[in-house]
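# Per-entry structural report
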Amino acid sequence: MRKHSLFIAGAALAAILGTAQWQSRHRGAPPVVTRPEPVDLPAAPAVKVTRPEVAVSFDLRLHARIPGAERGTPLEGTARFVLQNPRTGAPLSKARPLGWMTRRARGQAAPDEATCKERIQTYLGGLLSARADANFNSYLFLTLNHDQTVSVIDPQIALDRTKLQNLVSLGGEPADWALPPDRKALFLSIPVHGTVSVVDLRRFVVVRNVPVGKKPGRLAVSPDGRTLWVANEGDGTVSVLDTASYQVLRTLEVGGGGHAFAFSDNGRTAWVSSSEGEALVAVDLASLQETGRVEVGRGVGDIAYGEVAKALYAVREPTHEALVVDTTRREVARRIPLSPSPGMLRFDPSGRWAFVLYPHGDRVEVLDAASSVLAHSLTGFSAPDQLVFTDAYAYVRNTEDARVSLIELASLAKKEGEPSIVHVVMGQKRPSEARGLGRSAPIAPMPEGNGVIVAGTADRALFLYSEGMMAPRGTHLNYGREPKAVLVLDRSLHEVEPGVFTAEAVVRENGVHDVYFLLEDPRTIACLEWDVRGVPEDASTVRKQPLALTADFDAGAPLTPRVSTPLRFRLAPLPDAKDPRPVSPEEVQVLVFRPPSGQWLERPVPRRVEEGLFEVDVSVPEPGQYQFLVGVEGRGAPLGTLPHFTLRAQPSLAALPPTEVHPR
């Protein structure tokens, strides 16, 4: 059982702080931006349980509510598991713990060992009818679509089809997107408006459109996550935004054309290239002041910094070469010949191998940064334009072929033989058949590090791939939209120091909570107890629903088992709702299940009959009672919060056996 089988969405976290926009052009120091740090509320000592192979302790540190947060906002916090060897006290590192937390009902006893195991098994099943209040193992897929939207997909293994949790409308065609490491907000450049849109990843709505320069394109986040770098391709400038306040800190003149970014000196220096400029520009991240330029000539495309060589690499397309720039002496130290028309340049995680793609050709070239030479010229590709890395492989997207090519990183260092390359078919259509390819990565590594999610742009689907397989192990629909790029919004437990694993959490109620813990190796199951204190009373009150739901069918009329029955319902925003737009079928989730266990569950697909009126086909397996739930999570009404309906199924008279008549 691996983490990638857990597709239950957890609660999102974000702290959105608004400040007035400020903009500067070279003169004067950038404004001082106060970045509020979370203040922990007083917390009780950690609770602990000891098993033969593992000692597990848990604590939850809630953060004080940020000033200005609206009433009813739940508290955010950090859940922490500490794993140790019970005999030596040594930390248990590189483990894969799973955890959940649920408010215990009043008068309910603490779970015994059998109940603990049963509840964990239920959570692993991914049933929406049995979700934990806090899930420390969740992640979501975000797709950048052709229709100016971002899809938020919650892939659930217990269901036959994926769940579109939210759909974010951008109001303009995005050129690129970027996700800072705190995963609180998503930034997207919108060239037609000259803005950067900010999407709050707690509510999945656009909370700010920040004016920058003309035609903003490529985006990059600094290594510390504090600044966003925006390439304004229409006026030869770069805007630097603060990722916490969304404030423009400085605008730099760097040269015209396309821009690329790289960071050196342990993230202290930013480098900017311009395809129409003559030089690479160095900028100090602390002061945002330009510190120097390196003359390289026109036509520089991609740039990347190599930790092994301690040098900046730049691809210069007109001369078909890679420039190796000494960042200390600020000069070109070496020139490496390349094939004609080089494109993307990226270093692998080790920093030794620099990959150069040829989007108009059939090859990928690999430079060895340890010796600054061309190590491999690999062929057999089909217009490769994008690549991402896991620990073991480089994944290359071919635009004129439905295959994704995997280059084994370990094989690059072999002195004999060619590097190992595997081509895996992802979908049926070539990416070039889509309306547009975009410039953002169409492949994203999964959190466990041994697989990826691939955006099948022309197929309008996502493909889940695990390393070692010759085909995708799963396909997720994107509801008719072409996904030009994909990201994984990971909210699962991460090791922050040896044996210490943390995840963000949202807590809505005070009181005793049961904490469920599972570790695969060594196999450990445990239940702990945590008493939550400090959540404001208004955070747990029932808030007014933003939608009105009414049944357009007779809930008392019985259904016939194994017969498809169309059921209609009306769903519309209330007059004072924040989002007054009519609800679309793609936003709506419908769940039909048989209580109390939810062992039978169905997610019928809603279709629009007319504005505000929807219809689904329901077919239940046998006589009994069933629950009919409707939710629109993107409007603040997740499943279980709107009124639900009870359906009753009984056999038809024709299906009953004939009554026997006995003579007197």
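Because the structure is predicted, anything quoted here is derived from the model rather than measured. (Residues numbered from 1 in each chain as written. Predicted model: local features only at pLDDT ≥ 70, side-chain atom pairs only at ≥ 80, totals over all residues. Heavy atoms only, no water.)

The subject of this paragraph is the sheet that holds strand β38 (residues 494-497). The five strands are arranged β1-β2-β3-β39-β38 in an open sheet whose pairing can be described as antiparallel. Edge positions in the sheet fall to β1 (47-50) and β38, since each of these pairs with one other strand and no more. Between one strand axis and the next, the sheet turns through 30° on average, direction left out of account. (Pairing = 2+ DSSP bridges. Helix = DSSP H or I, 4+ residues; strand = E, 2+ residues; numbered from the N terminus. Axes fitted to C-alpha atoms, helices over the stretch in contact; angles between N-to-C directions.)

With that settled, consider the nonpolar core. Phe58, Leu60, Phe81, Leu83, Met101, Phe136 and Phe517 are the most contacted members of the largest nonpolar core, which has 27 residues in total. When residues of this core are traced back to their parent elements, those giving at least two are β2 (55-62), β3 (75-84), β39 (500-507), β40 (511-519) and β41 (524-532). Ignoring any residue separated from it by four or fewer positions in sequence, one finds Met101 in contact with Phe58, Leu60, Ala132, Asp133, Ala134, Phe136, Val507, His513, Asp514 and Val515. In terms of nonpolar packing, the next biggest core, distinct from the first, is built from 24 residues, Phe553, Phe614, Val620 and Leu642 among them. (Core = buried A, V, L, I, M, F, W, Y, C linked by side-chain atoms within 4.5 Å. Buried < 20%, exposed > 50% of the residue type's maximum accessible area, 1.4 Å probe, protein only. Contact = heavy atoms within 4.5 Å.)

Under the criterion given, the structure shown has 20 aromatic pairs. With a centroid separation of 6.2 Å and 70° between ring planes, the pair formed by Phe81 and Phe136 is classed as edge-to-face. With a gap of 55 residues between them, Phe81 in strand β3 and Phe136 in the loop between β5 (134-135) and β6 (139-145) connect regions that are remote in the sequence. Comparing Phe81 with Phe136 shows no difference in burial state: the two are buried. Between Phe81 and Phe517, the ring centres sit 5.3 Å apart and the planes meet at 40°, which makes this aromatic pair tilted. Note that Phe81 is positioned in strand β3 and Phe517 in strand β40, a separation of 436 residues in sequence. Pair check on accessibility: Phe81 and Phe517 agree, each one buried. Connected via pairs of aromatic rings, a cluster forms that spans Phe58, Phe81, Phe136, Phe517 and Trp530. (Phe/Tyr/Trp six-rings, centres within 6.5 Å; stacked < 30°, edge-to-face > 60°.)

Attention now moves to the environment of Asp490. Mapped onto the secondary structure, Asp490 falls in strand β37 (residues 483-490). Taking the C-alpha atoms as reference, Asp490 lies 8.4 Å from Asn137; in sequence the two are 353 residues apart. Beyond its immediate chain neighbours, meaning those up to four positions away, Asp490 contacts Ser138, Tyr139, Arg183 and Pro447. A polar contact is formed between the side chain of Asp490 and the side chain of His494, at a distance of 2.8 Å. (Polar contact = N/O pair within 3.5 Å; in protein donor to acceptor, adjacent residues only side chain to side chain.)

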